[in-house]
Amino acid sequence: MWKQGDHVVIIGSTQSGKTGFARELLALRGHVIMLVTKRDDYLWTGFRTVRSQREINPLNGSKWRLWPTPEQMQRQFADALLQVWIEKGWCIYLDELYRLEALHLQKPIETLNTQGASERITVVEGVQRPAHVTRTAMSEPRYAVSFQLGDGRDNDTVKEWRGREFATIIKALPQYHW
């Protein structure tokens with residue numbers, strides 16, 4: 001059973017179904033903040049899309065998509081990660097973790113991954129390239145869901161961090177299966 005504070009990593013190459021799977025998973029949570037790095041084609045029923053972290057107020061709604069302009073992403077996402085840490089009890093979806101790490105957000109993300117569970121913070125991470133993200137992104141989540149991977153280095157990383165059996169199953173998956 002997926003409890004508040006249990007982290008999840010969703011792994012898969014571009015267009016594999018990560019965001020669609022995340023949408024279904026996040027529907028199960030009460031208080032969600034999504035850090036949105038790119039446009040998608042999904043209808044996010046029940047979610048309110050905002051450009052600024054300051055608009056996120058649990059008294060005005062429980063499901064939020066933070067999608068700032070590219071120039072504001074680093075600042076807005078850093079503020080949202082801090083809000084999650086201070087308020088506790090949130091589920092935060094980190095869409096395209098590699099992009100968030102490129103914005104120099106590794107430290108607050110690592111803190112949520114390693115200490116968030118004890119604060120009832122759930123972290124859900126979308127990972128396109130496991131070989132290019134920090135180790136805690138792959139090793140800390142209690143649950144790992146993977147779609148087909150497109151690169152041998154990514155398969156090797158999954159094998160190292162999640163185990164040989166997991167990596168073998170992932171390598172054999174047909175497209176759009178998990």
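Cut-off values and rules
Residues numbered from 1 in each chain as written. Predicted model: local features only at pLDDT ≥ 70, side-chain atom pairs only at ≥ 80, totals over all residues. Heavy atoms only, no water. Helix = DSSP H or I, 4+ residues; strand = E, 2+ residues; numbered from the N terminus. Rg over C-alpha atoms; globule rule 2.2 N^0.38 Å. Buried < 20%, exposed > 50% of the residue type's maximum accessible area, 1.4 Å probe, protein only. Contact = heavy atoms within 4.5 Å. Areas by Shrake-Rupley, 256 points an atom, 1.4 Å probe, with all protein chains shown as cover. Lys, Arg positive; Asp, Glu negative; His and termini not counted. Charge placed at Lys NZ, Arg CZ, Asp CG, Glu CD. Core = buried A, V, L, I, M, F, W, Y, C linked by side-chain atoms within 4.5 Å. Pairing = 2+ DSSP bridges. Axes fitted to C-alpha atoms, helices over the stretch in contact; angles between N-to-C directions. Phe/Tyr/Trp six-rings, centres within 6.5 Å; stacked < 30°, edge-to-face > 60°. Lys NZ or Arg CZ within 6 Å of the ring centre and 35° of its normal.

(A) Spatial organisation of the overall build of the protein. Looking only at helices and strands, one finds 7 helices and 7 strands in the protein. For the protein, the α and β elements follow one another from N to C terminus as β-α-β-β-β-α-β-α-α-β-α-β-α-α. In summary, the protein has a C-alpha radius of gyration of 15 Å against a globular reference of 16 Å for 178 residues, a match within 12%. Dimensions of the protein, computed from the C-alpha atoms along their principal axes, are close to 45 × 35 × 35 Å. The burial tally for the protein puts 49% of its 178 residues in the buried class. A separation threshold of at least 6 residues defines the contact pool for the protein, and within that pool the share at least 24 residues apart is 69%. Within the structure as shown, the protein displays about 9,200 Å² of accessible surface, and the carbon and sulfur contribution to it stands at 49%. Averaging the coordinates of the 24 positive side-chain charges in the protein and doing the same for the 20 negative ones gives two points 2 Å apart.

(B) Inspection of the nonpolar core at higher detail. Ranked by internal contacts, the top residues of the largest apolar core, which has 51 residues, are Leu26, Leu35, Leu94 and Val124. Those residues within four positions of leucine 35 in sequence are excluded, and the remaining contacts are Leu66, Phe77, Ala80, Leu81, Ile92, Tyr93, Leu94, Asp95 and Leu100.

(C) Quick peek at the sheet that holds strand β7 (residues 143-146). Spatial ordering of the open sheet is given by β3-β4-β2-β5-β6-β1-β7, a layout of 7 strands whose pairing is parallel. The open sheet has two edge strands with one neighbour each: β3 (48-50) and β7. Put simply, the sheet's adjacent strands are angled 15° from each other on average, direction ignored. Direction of pairing for strand β2 (residues 32-35) relative to strand β4 (residues 63-66): parallel, over a ladder of 4 bridges. Bridging from a neighbouring strand, valine 32 pairs with lysine 63 of β4. Sheet contacts for helix α2 (residues 73-87): β2, β4 and β5 (91-94); angle to β2, the most-contacted strand, approximately 155°. Sheet strands touched by helix α4 (residues 106-115): β5 and β6 (122-127). Its angle to β6, the strand with the most contacts, is close to 125°.

(D) Spatial organisation of the packing of aromatic side chains. Scanning the entire structure with this criterion turns up 3 aromatic pairs. Ring geometry for phenylalanine 21 against phenylalanine 147: centres 6.3 Å apart, planes inclined by 80°, an arrangement best described as edge-to-face. Here phenylalanine 147 lies in the loop between β7 and α6 (152-162) and phenylalanine 21 lies in helix α1 (residues 18-26), a separation of 126 residues in the sequence. Of the residues examined, phenylalanine 21 reaches a relative accessible area of 16% and is grouped as buried. Each ring, one from tryptophan 44 and one from phenylalanine 47, has its centre 5.4 Å from the other, and the planes form 80°; the classification is edge-to-face. Judged by relative accessible area, tryptophan 44 falls into the buried class, the value being 8%. An aromatic cluster of three or more residues is present, and its members are Tyr42, Trp44 and Phe47. Taking the ring centre of tryptophan 67 as reference, the NZ or CZ of arginine 51 above it sits at 5.1 Å. A cation over an aromatic ring shows up here: lysine 88 above the ring of tryptophan 85, its NZ or CZ 4.4 Å from the ring centre.

By themselves, these are just geometric observations and shouldn't be taken as functional.
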